[in-house]
Amino acid sequence: MANADIAAVMKEGACVECGARTADGLACHDLFGRLLAWEQDDAELASLHYWNVACYMLQHPSNYTEEGYAMTAGIFREAYDRKWNTSEILEATRTFIADKGKFKITNPLPSGERRRLPREWSMTIEDIYRGGERNAAQNVKVWRSRVRREL
Ligand SMILES: [Zn+2]
């Protein structure tokens, strides 16, 4: 997904969807951009790429259609519970899409027309960013367990 498509909407300094607050002048999706940039210099964090993206995206359901979100959440649960590696996750995603036939995963509506419902999460991209680059991999592991529990 291109960055423009996942632009979060900030209101009074907080993401209207996941609740992350602006940090160092960075909006929610910019904090996510930083996390992805940190992957370049951190092999362990890079190995967690699926989780970095999935945790963030699952906290922003407006990016998905209803079926797309259910599918993404389902794979996330399975992957977490069964401790799948990245290739197992990719395989499951391919199989699911093939089985399910053709349906839209991502929300076809332009960003400005999407409905965004606020939801409270115990941990968001804000916590990952504030925890700093050095602790990011460790913190993402906590994040994914929180998302799994709260999903
Ligand atoms: Zn957000």
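Residues numbered from 1 in each chain as written. Predicted model: local features only at pLDDT ≥ 70, side-chain atom pairs only at ≥ 80, totals over all residues. Heavy atoms only, no water.

1. Re the packing of aromatic side chains
Alright, step 1. A complete count under the given rule lists six aromatic pairs for this structure.
Alright, step 2. For the ring pair Trp38 and Tyr129, a centre distance of 6.0 Å and an interplane angle of 10° mean the geometry is stacked. Of the two residues, Trp38 sits in helix α1 (residues 28–38) while Tyr129 sits in helix α6 (residues 125–131), which places them 91 residues apart along the sequence. A single burial state applies to Trp38 and to Tyr129, both of which are buried.
Alright, step 3. On the numbers, 5.7 Å between centres and 70° between planes, the contact of Tyr64 with Tyr69 is edge-to-face.
Alright, step 4. Of the residues examined, Tyr64 reaches a relative accessible area of 11% and is grouped as buried.
Alright, step 5. Aromatic rings pair up to connect Tyr50, Trp51, Phe76 and Tyr80 into one cluster.
Alright, step 6. A cation over an aromatic ring shows up here: Arg119 above the ring of Trp121, its NZ or CZ 3.9 Å from the ring centre.
Alright, step 7. Positioned over the ring face of Trp51 is Arg144, at 5.0 Å from the centre of the ring. (Phe/Tyr/Trp six-rings, centres within 6.5 Å; stacked < 30°, edge-to-face > 60°. Helix = DSSP H or I, 4+ residues; strand = E, 2+ residues; numbered from the N terminus. Buried < 20%, exposed > 50% of the residue type's maximum accessible area, 1.4 Å probe, protein only. Lys NZ or Arg CZ within 6 Å of the ring centre and 35° of its normal.)

2. Some points on the coordination of the zinc ion
Alright, step 1. Surrounding the zinc ion are the protein donor atoms Cys15 (SG), Cys18 (SG), Cys28 (SG) and His60 (NE2), which sit 2.0 to 2.4 Å from the metal.
Alright, step 2. Along the chain, the residues donating to the zinc ion are arranged with the sequence spacing C-x2-C-x9-C-x31-H. Placement of the pair is Cys15 in strand β2 (residues 14–15) and His60 in the loop between α3 (49–58) and α4 (66–81), with a sequence separation of 45 residues.
Alright, step 3. When its relative accessible area of 4% is taken as the criterion, Cys15 is described as buried.
Alright, step 4. Given a relative accessible area of 2%, His60 falls into the buried group. (Donors = N, O, S within 2.8 Å, 3.2 Å for Na, K, Ca; no water.)

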